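# An overview of the molecular structure
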Amino acid sequence: MVNCRRGGPDGWHGLVLQAVGTVAPILVLAGAFVSGCAATPSGPPLSTSETIHYPAAPDEPRVVFLGTLEEMTAGGQSRNWLRRYLYGPSEHPGSSAVKPFGIQIWHDEVLICDTQQNCVHSVSLTDGQRSRLGEGANSPSKPLDVDVDAMGNRYVADAGRGQVLVYDANNLFVRNLIDDPADSFKPVSVAVGDDTVYVADAGGWNVHAYAIGDGAHRWTIGGRGQEPGEFLMPSGVAVDRDGQVYVVDSLLCRVQVFDATGAFVRQFGQPGQTAGNMARPRRIAVGPDGIIYVADALFNRVHMFDQQGRILMLFGGPGDEPGATNLAADICIDTGPLERYAAWIPTDFEPSYVLLVTSQLGAGRVNVYAFGRMRAANPSAISP
């Protein structure tokens, strides 16, 4: 795998206006298919000119829409999104999740919290097999988020039960993470670090840290307020490779960053519906390259920020077109192996990782995108 080269601030920020102005999909081949033959496209697209991508031409694509999770796991041909756009919906209604919210991937297994069916779906990217976490009394009540530790154990933030439920790698219930949570405890997001589980608690306006092994409480940050380190509605939490903790506050439209001990480091973001501002941020993920992704439900897009909180670009957008992110809820990152997405990745595009985004409305309930850059004409010219 060739890692992408991150552009400098000027280069990135030059994409912002273009990205905002081209949130609608780019269907270069649509006219040709409508006016010409009605053959169903198959095989990987030969170039990004055949795809929906962000930003639009003439700028270099950095995020390419690959398709929906349902299309990738239902045994259909690649680029079914284009067939659906031209000829109408297929028999597959977008995703096995009716109203997906939290999402995470572990190996080839995608875990999706469904806030309408009140379950957590497990979907295999390899063979499309589907199952659910837990059975009977051990099933989630109102699952809002899920994350996985290095052993494959799943941690589900269940606002209905007021608990963090733990399941093993076979999706069997193991235990409640917390022995005696407060009556006001309302877990809405969960993130797993090396040895710590971080839980955003909407009932207490704070974030708790628990030991993975025994669930012992380690520390709490926050409380109701608008000062640094305080929250009005903590809605998303993530951990990066360095152990920094990122917390989204939906009401204050900002992201706060803390170190591994819970000490405040910095913050960024403000209300607004223009590039660099947020309207109703929900969940957050941090790429291996340090890029910060924030799913925004009211803005109906995914923001991309650098580590200083400067906007890089946006992707998605409202509407019925493929690639749209209506009521964007969550985002997770798949760093590989990326060969399983080969049938959907343009041959002239070098992916660094894949992004899975949940939306609570629209046809694409779980959309799949690749982040990367165009391949060099001479492959050896790309830095490793």
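For the structure itself, consult the block above.
Sequence order as written defines residue numbering, which begins from 1 separately in each chain. Where totals are concerned, whole chains, interfaces and linings use all residues; where local detail is concerned, this predicted model gives features only for residues with pLDDT of at least 70, and gives and counts side-chain atom pairs only at 80 or more. Values shown for side chains rest on all heavy atoms present in the structure; no hydrogens or waters enter the calculation.

## Some details on the sheet that holds strand β18 (residues 264-268)
Our working definition: When DSSP finds two or more bridges between two strands, those strands count as paired. Elements are defined by DSSP. Helices are runs of H or I of four residues or more, strands are runs of E of two residues or more, and each kind is numbered from the N terminus. Fitted lines through C-alpha atoms give the axes, limited to the stretch in contact for helices. The angle between two N-to-C directions lies from 0 to 180 degrees.
On the basis of which strands lie adjacent, the open sheet formed by 4 strands has the order β15-β16-β17-β18 and antiparallel pairing. Taken across any chain shown, the strands that pair with only one partner, and hence form the sheet edges, are β15 (234-239) and β18. Mean inter-strand twist for the sheet, computed between neighbouring axes without regard to direction, equals 20°. Judged from the 5 bridges that link them, β15 and strand β16 (residues 245-249) form a sheet pairing that is antiparallel.

## Quick word on a negative patch on the surface
The line we're drawing: Note on patches: the residues involved have over 30% relative accessible area and no salt bridge, like charges join within 9 Å, and the nonpolar side chains Val, Leu, Ile, Met, Phe, Trp and Tyr join within 5 Å. To measure how exposed things are, a 1.4 Å probe is used in the Shrake-Rupley method; for residues, cover is taken only from the protein chains shown. For this analysis, a salt bridge means a side-chain nitrogen from Lys or Arg found within 4 Å of a carboxyl oxygen belonging to Asp or Glu. Charge assignment: positive for Lys and Arg, negative for Asp and Glu; neither His nor the chain ends contribute. In plain terms, the charge of a residue is placed at NZ if it is Lys, CZ if Arg, CG if Asp and CD if Glu.
On the surface, D179, D180, D183 and D214 cluster together to form a negatively charged patch. Tracing the backbone shows D179 in the loop between β10 (173-176) and β11 (187-192).

## Observations concerning the sheet that holds strand β13 (residues 206-211)
Pairing is antiparallel in the open sheet, where 4 strands are placed in the order β11-β12-β13-β14. In the strand order of this sheet, the two ends are held by β11 and β14 (217-222), each with one partner. On average, each strand axis in the sheet is inclined to that of its neighbour by 20°, with strand direction left out of account. Here β13 pairs with β14 via 5 bridges, running antiparallel. Note on β14: the bridge partner recorded for Y210 is H217.

## Section: the pairing of strand β24 (residues 349-361)
Selection rule: For the exposure calls, accessible area comes from a 1.4 Å probe over protein chains only, and a residue counts as buried if that area is under 20% of its type's maximum, exposed if over 50%, partly exposed in between.
The buried count for β24 comes to 12 of 13 residues, which makes it a mostly enclosed element. Judged from the 9 bridges that link them, β24 and strand β25 (residues 366-374) form a sheet pairing that is antiparallel. When the sheet's bridge partners are listed, V357 is paired in β25 with N367.

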